[in-house]
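# Residue-level structure breakdown
Take a look at the letters that make up each chain.
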Amino acid sequence: MTRASLFAQDKRTRARNATEKRFRAYGLTAIVLALLALLWLLISIFGNGLPAFKQTFLTFPVTLEESVLDKSGTRDPAVMAKATTITYGKVLTKALEAEATAKGIDLSALKKKGLANLISEESPATLRNMVLADPSLIGQTIRFTALAGGRVDGYYKGRVTLETAALDKNTSPEQLAVADKLKEAGVLTISLNSGFVTMPDASDKRPEAAGLGIAIIGSLYMMAVVLVLALPIGVAASVYLEEFAPKNRFTDLIEVNIANLAAVPSIVYGILGLAIFINMVGLPTSAPIVGGLVLTLMTLPRIIIPTRAALKAVPPSIRDAALGIGASRLQTVTHHVLPLAMPGILTGTIIGLAQALGETAPLLLIGMVAFVRDFPGAPPSGLFDPAAALPVQIYNWTTRGDPGFVERASGAIIVLLIFLIAMNAVAIYLRRKFERRW
Amino acid sequence: MSIGLLSLIILVLTLVGYVVGKSRAIASVAGDIRKLHSLPPFYGRITALLTAVPAFLLIIGWLLAEPLVLENRALALIDPAEIPQGQSADLVMSDVRRVAAGLDLLETRGEAIAPLIAAPDQLKQAMNAAGIVLQTEPTPSTLAATAALRSAKATSRLAMVVAAIALTLGGLAWGLSRIKPEFRARNATEGFAMWLLIGCSLIAVLTTVGIVASLLVESLHFFRLYPITEFLFSTQWAPKFGGGGTLGIVPLLWGTLYVSAIALLVAVPIGLLSAIYLAEYASRATRSWVKPAIEVLAGIPTIVYGLFALITVGPLLRDYFAQPLGLGNSSSSVLTAGLVMGIMVIPFVSSLSDDIINAVPQSLRDGSLGLGATPSETIRQVVLPAALPGIVGAVLLAASRAIGETMIVVMGAGAAARLSLNPFDAMTTVTVKIVSQLTGDTEFASPETLVAFALGLTLFVLTLCLNILALMIVRKYREQYE
Amino acid sequence: MKDQRLESRVDTQTIKIQARGAQVYYGTNHAIKDVDVDILDKTVTAFIGPSGCGKSTFLRCLNRMNDTIASCRVEGKITLDDEDIYDPRVDPVQLRARIGMVFQKPNPFPKSIYDNVAYGPKIHGLTRNKAELDAIVESCLRKAALWNEVKDRLAAPGTGLSGGQQQRLCIARAIATSPEVLLMDEPCSALDPIATAQVEELIDELRSQFSVVIVTHSMQQAARVSQRTAFFHLGNLVEYGETGQIFTNPIDPRTESYISGRIG
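On a predicted model such as this, the values are computed, not experimentally measured, just so you know.

Bringing the overall build of chain B into the picture now. Looking only at helices and strands, chain B features 17 helices and two strands. Relative to the globule expectation of 23 Å for 482 residues, the C-alpha radius of gyration of chain B, 31 Å, shows a markedly less compact shape. Referenced to the eigenvectors of the C-alpha coordinate spread, the extents of chain B come out at roughly 80 × 75 × 35 Å. Counting over 482 residues, chain B shows a buried share of 51%. Pairs at least 24 apart in sequence give 73% of the contacts found in chain B among residues at least 6 apart. Just so you have it, chain B exposes about 21,200 Å², and 66% of that area is on carbon and sulfur atoms.

What follows is the structure, given as structure tokens:
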């Protein structure tokens, strides 16, 4: 039998090689698609969210006249509280008008309320709280930094344009023109928005004042609860199952159980929390303690699984060595196996916590969507106060009408992602640093 | 006495138990610890454990059982005539609970509550001022039940504190009395610790029991108010405020399955092909950064995907596909949610498939390559068939993930229950309706709220079956090559 | 078993594979050093030597199976019918269709017996219809002395056969593409003595059609089945010649000490 030369590819081989190339290209395309999806997601979130970290402010002198703000002249906060935010709003508007006139800006084109609208509705309340906290300010002229209104803020972030402003009853092109002049005069500035991570949530009409303060504290409280409960319980359960449990039907049941619990949809844990912790035990809704408990139950299997893997990775020779010199089984585990497995356990725990931090659905059901303006107290009693949580706050903002909240929600996601990246970085660091090959 | 203070007392006594137990053990052998059966700290530890653990278990059990017992007693005081027609006593009980909580709050604020109880209208005002909203003025029998509840609760708390401290001291005394040189403190401590470990691993079982019980009990409750056949087979989902709506699960299930199917259509080819490329073709260097990058997709919280669907993908699909094609005007649609969910599920398919493909023995690849097969022929005709069961398991797990996913569909799929084939239509899913029926001001006794538990039960059963099936397949597959 | 050493005689002198100055590197490790060897047609050639001497590595170079290992690099010239198999124009897929391979551990695909054998002809497009394929499968199973054992259960999975049957199935699978050379990497090391004897007998029969190269750990096996033997030591080809001469009258002292059991 004569064969063709090896140097010449026959037709079939060429076709097969073409198929081979195509197949490789499919694989490569799939990877590129997956990575592009990731990139698209990140660009979309960062593009929408980064402006939330900048904010438009108006800084101008405000004279706090006694005749307006404290007619009684007693400086008694209880009496002064009679001056409402409306009064303070007028004070601010007047002060801004005076400042604008002083800088030679023509305000005649503005409609009624056009100037008042430049300032956020939140700022009068801020000023009022400032004065009530320190009545000695009355009679002085202070430089006050007010939040600019949501539309003006949106104008400098590209969300509002002169065309859309013409159709919007909350702003007007004339108003934006005045804002531009104020900016030239240095009254209006755009700077870092620290209030975004420290202030509480604000009402529907005031996206410019909405902050994540309570949500961050609420999330931290919940993570503390999860860490305090899930880590010891998870490690104890793993140690029992991996080191002590006899192989029988009962432990089999526990194992299957844990594997399944890890895959139960998170919303089911929310139903559990609602039915058991709130309706049966009577814990308060919106409280970090309930959120923490629900997330603990959800995180437990996700801690147990990597913890058991870490325990399993410790070679039996270590156990034999300890048992061989007369240590009890529990001593063997606590003195030798657990310390060696610790990096793996911590890595698993941190990753479990990171998942819990981003979990939204179960928290919706236990009432963490409530609108909360007051910061919760210090733990432990603060765990029972109403609070928000980062992911739920994001969801909450997306359901609101004002487009300013889209920016806030995306910005909040950036904050959430920063937390997650930090946690995962710690986990990766631990794994790299302590990883041991037996 | 607050629980915090009580816990603190117990903890202090525990510490005392440890220190005294340890020193007593040393004293019992006049400092020559070689004569002790165990090391001195073990004597301290067993005393501490005996002091703290029974007391804390008592407190936890008491707090869990207390509401059940007390509320049943208070319920008996409510005049049956005051229970509105067609509603259960639960509603009245929730008023009682709310009034009691309000009174507690007012009391801690230092307000005089006795005059308020005498004047229900003032009570309502005071409560509203304190942030507890009462729909109506409390009726006399509600107030009576409230008073009974509060006094019983006060008594019960006092009894609990007394019992807990007694138990603590008893445990302490017993623990100390057992300390003798020949007492096997280490074995006792370890026996105790073992029970704690077992207790911890039982929490997983208790969680499952809790899930199943809460879903079943409330679902049964629901099926007493609403016929089960109607729930399972009605193609209408039209809840009405105040009851009387149609609550058929069919359109919700349809939406769920439609979204999940689209998600799998996106995720399975991309995930599987990526896994194949990474496992069979990619160089070590490529693999070492591409694999984690794809897995980042799994670490991103679902709320992020939800927002992505809401602000980016939804409007894009609407403006560039649905409207030009005349297929709809809604930015939330089955396709939006499915596409985004597909992106989320990619890593679930790819990581698991990658593991499974890597588990196929190299000898099979060598055998095929040695016969002159190209790598792609080897993959398609040898590796994939060998890995198929495992891959099916991975896809089933991904499906269960997609079915149970909530935030993406809440924000991307819409809220209208609809049986339609058009992927650009907004539809809704089981999880969306669980959220919408259980958030907001809903009365806990109406079928409109309780249906959420029946939906939850359906979801739980559905995902559980998929998970068990998938785990079985994957486990069997692993055994084949181990 | 009959002693083949007495009747072993090289049948042809046609050179099928020729290696000149072959070097193989794994990363920085120089695994094969300057090997010259001529492998004759219709002959069984045995590669023997202690573990790690490079005999399997060299075998895998002959059909470029080493291509699948990224860090492996081959230098020097290896030809099949005077064509350099490492020439960039050569497609390893086509090459491997002509130089088949049987591995140490039986590795039937998780498919039916029939599909295992039909796999090669299918991917190389050697048949036009089912009848031709059936004929190839039957003839190969017959050549592999497996037909009578499996003819009633061709649809059963190949993984269900015994170890010896699996290895003969792998041989049937390898010869189904009608290769010119058959490379065998310790084909009997995972088999029991009875299965080994069957496979050895088979190898001797295959010699009438193919050139067979077999790597073996067992000197007895090399003596039983091969006509020519190459002795490898530490990556060097120490001695190559007729099997009878290598075993009875080795030239190199290293060969002699290996044969007599002092290296290994």
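Let us look at the overall build of chain C. Helix and strand counts for chain C stand at eleven helices and ten strands. Rg of the C-alpha trace for chain C: 18 Å, near the compact-globule value of 18 Å for 264 residues, within the 12% margin. With respect to the principal axes defined by its C-alpha atoms, chain C has extents near 55 × 45 × 30 Å. Across chain C, contacts joining residues at least 24 apart in sequence account for 68% of those joining residues at least 6 apart. Accessible area for chain C stands at about 10,700 Å²; split by element, carbon and sulfur atoms hold 49% of it. The positive charge centre, built from 31 side chains, and the negative charge centre, built from 33, are 3 Å apart in chain C.

All names here are of chain A. Relative to the assigned elements, Pro284 resides in the loop between helix H12 (266-280) and helix H13 (288-313). Assessed through its relative accessible area of 31%, Pro284 is described here as partly exposed. For Pro284 and Asp385, which are 101 residues apart along the polypeptide, the C-alpha to C-alpha distance reads 8.0 Å. Contact partners of Pro284, with chain neighbours within four places excluded, come to Val290 and Phe384.

As judged from the six bridges shared by strand E9 (residues 228-233) of chain C and strand E10 (residues 236-242) of chain C, these two strands associate in the antiparallel manner. Within the sheet, the bridge partner assigned to His233 of chain C lies in E10 of chain C and is Asn236 of chain C.

In this complex, chain B contributes 80 residues to the contact, which on the side of chain A involves 70 residues. Interface of chain B and chain A: buried area, both sides summed, is about 6,600 Å²; carbon and sulfur atoms make up 79% of it. The tally of links from chain B across to chain A stands at one salt bridge. In this structure, Arg16 of chain A and Glu377 of chain B form a salt bridge, with 2.8 Å as the shortest nitrogen-oxygen distance. Connecting chain B to chain A are nine residue pairs in polar contact (both at pLDDT 80 or more). Element by element, the count of residues in the side of chain B that touches chain A is highest for helix H7 (residues 185-225) of chain B, at 18 residues. By residue class, the composition of the side of chain B that touches chain A is 57 nonpolar, 19 polar and four charged.

This next bit is on the domain arrangement of chain B. Interface extent is often summarised as the accessible area lost during association of the parts. On domain assignment, one finds that chain B holds domain 1 (3-79 + 139-204) and domain 2 (237-480). Summarising the inter-unit geometry, the C-alpha centres of domain 1 of chain B and domain 2 of chain B are found 47 Å apart.

Residue-level contacts link 17 residues of chain B with 22 residues of chain C. Summing both partners gives a buried area of about 1,500 Å² for chain B against chain C, and 63% of it is carried by carbon and sulfur. At the surface where chain B touches chain C, the tally comes to one salt bridge. For Asp366 of chain B, the salt bridge goes to Arg60 of chain C, with nearest N and O atoms at 3.8 Å. For the pair chain B and chain C, the interface holds four residue pairs in polar contact (both at pLDDT 80 or more). Take the side of chain B that touches chain C: its biggest share by element is seven residues, from helix H13 (residues 362-370) of chain B.

Residues and elements named next belong to chain C. Spatial ordering of the open sheet is given by E2-E1-E4-E5, a layout of four strands whose pairing is antiparallel. In this open sheet, the two edge strands, each paired with only one partner strand, are strand E2 (29-40) and strand E5 (83-84). Looking at chain direction, strand E1 (residues 15-26) and strand E4 (residues 72-80) are connected through eight bridges and run antiparallel. Opposite Gln18, over in E4, you have Thr79 as the bridge partner.

In terms of backbone geometry, most residues other than glycine have negative phi values and most peptide bonds are trans. At Asp34 of chain C, a residue that is not glycine, the phi angle is positive and equals roughly 55°. With respect to the helices and strands, Asp34 of chain C occurs in strand E2.

A word on the sheet that holds strand E1 (residues 54-63) of chain A. Residues and elements named next belong to chain A. Here we have three strands laid out as an open sheet, ordered E2-E1-E3, and antiparallel in their pairing. Looking at strand neighbours, the two that pair on one side only are strand E2 (141-147) and strand E3 (188-192), the edges of this open sheet. Neighbour-to-neighbour, the strand axes of this sheet turn through a mean angle of 40°, independent of strand direction.

On to the nonpolar core. With 248 residues, the main nonpolar core has Ile434 of chain B together with Leu141 of chain C as its most contacted residues. Filtering out sequence-adjacent residues up to four positions away, Leu141 of chain C remains in contact with Ile113, Val117, Leu146, Trp147, Val150, Leu154, Leu169 and Ala172 of chain C. Met80, Leu110, Val178 and Leu188 of chain A belong to the second largest nonpolar core, which has 39 residues in total.

Looking now at the state of the cysteines. Covalent bonding between the sulfur atoms of two cysteines defines a disulfide. Within the structure shown, the criterion is met by zero disulfides over all chains. No disulfide involves Cys188 of chain C; its sulfur sits 12 Å from that of Cys170 of chain C, the nearest cysteine.

So, about the confidence of the model for chain C. Do not read the fine detail of predicted coordinates wherever pLDDT is low. Confidence along chain C averages 87 in pLDDT terms, with 94% of residues attaining 70 or more. Between residues 1-10 of chain C, whose pLDDT stays under 50, and residues either more than four places distant or in other chains, the model counts 15 contacts.

Here the focus is empty space enclosed by the protein. Gaps left between atoms are located by rolling a probe of water-molecule size over the structure's atoms. Residues and elements named next belong to chain B. In total, this model carries two cavities of 30 Å³ or more according to the counting rule given. Estimated volume of the largest cavity: approximately 40 Å³. If you trace the largest cavity, you find it lined by Leu278, Lys291, Ile294, Glu295, Ser350, Ser351 and Asp354. Listing elements by their share of the lining of the largest cavity, those giving two or more residues are helix H10 (284-299) and helix H12 (334-359). Looking at the lining of the largest cavity, its residues break down into two nonpolar, two polar and three charged. Empty space within the second largest cavity amounts to approximately 30 Å³. If you trace the second largest cavity, you find it lined by Thr256, Val259, Ser260, Met341, Ala402, Ile403, Glu405, Val409, Thr429 and Thr431. Taken together, the elements giving at least two residues each to the lining of the second largest cavity come down to helix H9 (250-281) and helix H14 (375-404). Broken down by element, the residue count for the lining of the second largest cavity peaks at three residues, all from H9.

All names here are of chain B. On the surface, Leu5, Leu8, Val12, Leu15, Val16, Val19 and Val20 cluster together into a nonpolar patch covering about 590 Å² of accessible area. Counting through the fold element by element, Val19 comes out in helix H1 (residues 3-28). Among the residues examined, Val19 registers a relative accessible area of 47% and is labelled partly exposed.

It is worth spelling out the side chain of Ser120 of chain A at this point. All names here are of chain A. On the secondary structure map, Ser120 appears in the loop between helix H4 (85-102) and helix H5 (122-133). Here Glu208 takes part through its side chain, which lies 2.7 Å from a polar atom of the side chain of Ser120. Those residues in contact with Ser120 that lie beyond four places of it in its chain are Leu147, Ala148, Gly149 and Glu208.

What follows is about H12 of chain B. Residues and elements named next belong to chain B. In a regular helix each residue adds 1.5 Å, so 26 residues correspond to 38 Å; H12 covers 36 Å between its end C-alpha atoms and thus fits that length. A maximum bend of about 35° is found in H12 at Met344, where proline Pro347 lies one to four positions downstream. For H12, the tally of buried residues reaches 21 of 26 residues, placing the bulk of the element in the interior.

What counts and how
Residues numbered from 1 in each chain as written. Chains lettered and ligands numbered in written order. Predicted model: local features only at pLDDT ≥ 70, side-chain atom pairs only at ≥ 80, totals over all residues. Heavy atoms only, no water. Helix = DSSP H or I, 4+ residues; strand = E, 2+ residues; numbered from the N terminus. Rg over C-alpha atoms; globule rule 2.2 N^0.38 Å. Buried < 20%, exposed > 50% of the residue type's maximum accessible area, 1.4 Å probe, protein only. Contact = heavy atoms within 4.5 Å. Areas by Shrake-Rupley, 256 points an atom, 1.4 Å probe, with all protein chains shown as cover. Lys, Arg positive; Asp, Glu negative; His and termini not counted. Charge placed at Lys NZ, Arg CZ, Asp CG, Glu CD. Pairing = 2+ DSSP bridges. Buried area = accessible area lost by both parts, 1.4 Å probe. Salt bridge = Lys/Arg side-chain N within 4 Å of Asp/Glu carboxyl O. Polar contact = N/O pair within 3.5 Å; in protein donor to acceptor, adjacent residues only side chain to side chain. Nonpolar A, V, L, I, M, F, W, Y, C, P; charged D, E, K, R; others polar. Domains from an automatic or database assignment. Axes fitted to C-alpha atoms, helices over the stretch in contact; angles between N-to-C directions. Core = buried A, V, L, I, M, F, W, Y, C linked by side-chain atoms within 4.5 Å. Disulfide = S-S within 2.5 Å. pLDDT = per-residue confidence, 0-100. 1 Å grid on protein atoms, 1.4 Å probe; cavity = no way out; pocket = protein on both sides within 12 Å on 5 of 7 lines; lining within 4 Å. Points joined across faces, edges and corners; volume = space filled by probe spheres on them. Patch = residues over 30% accessible without salt bridge, like charges linked within 9 Å, V, L, I, M, F, W, Y side chains within 5 Å. Expected span 1.5 Å × (residues − 1). Bend = angle between axes of the 7 residues up to and from the residue.

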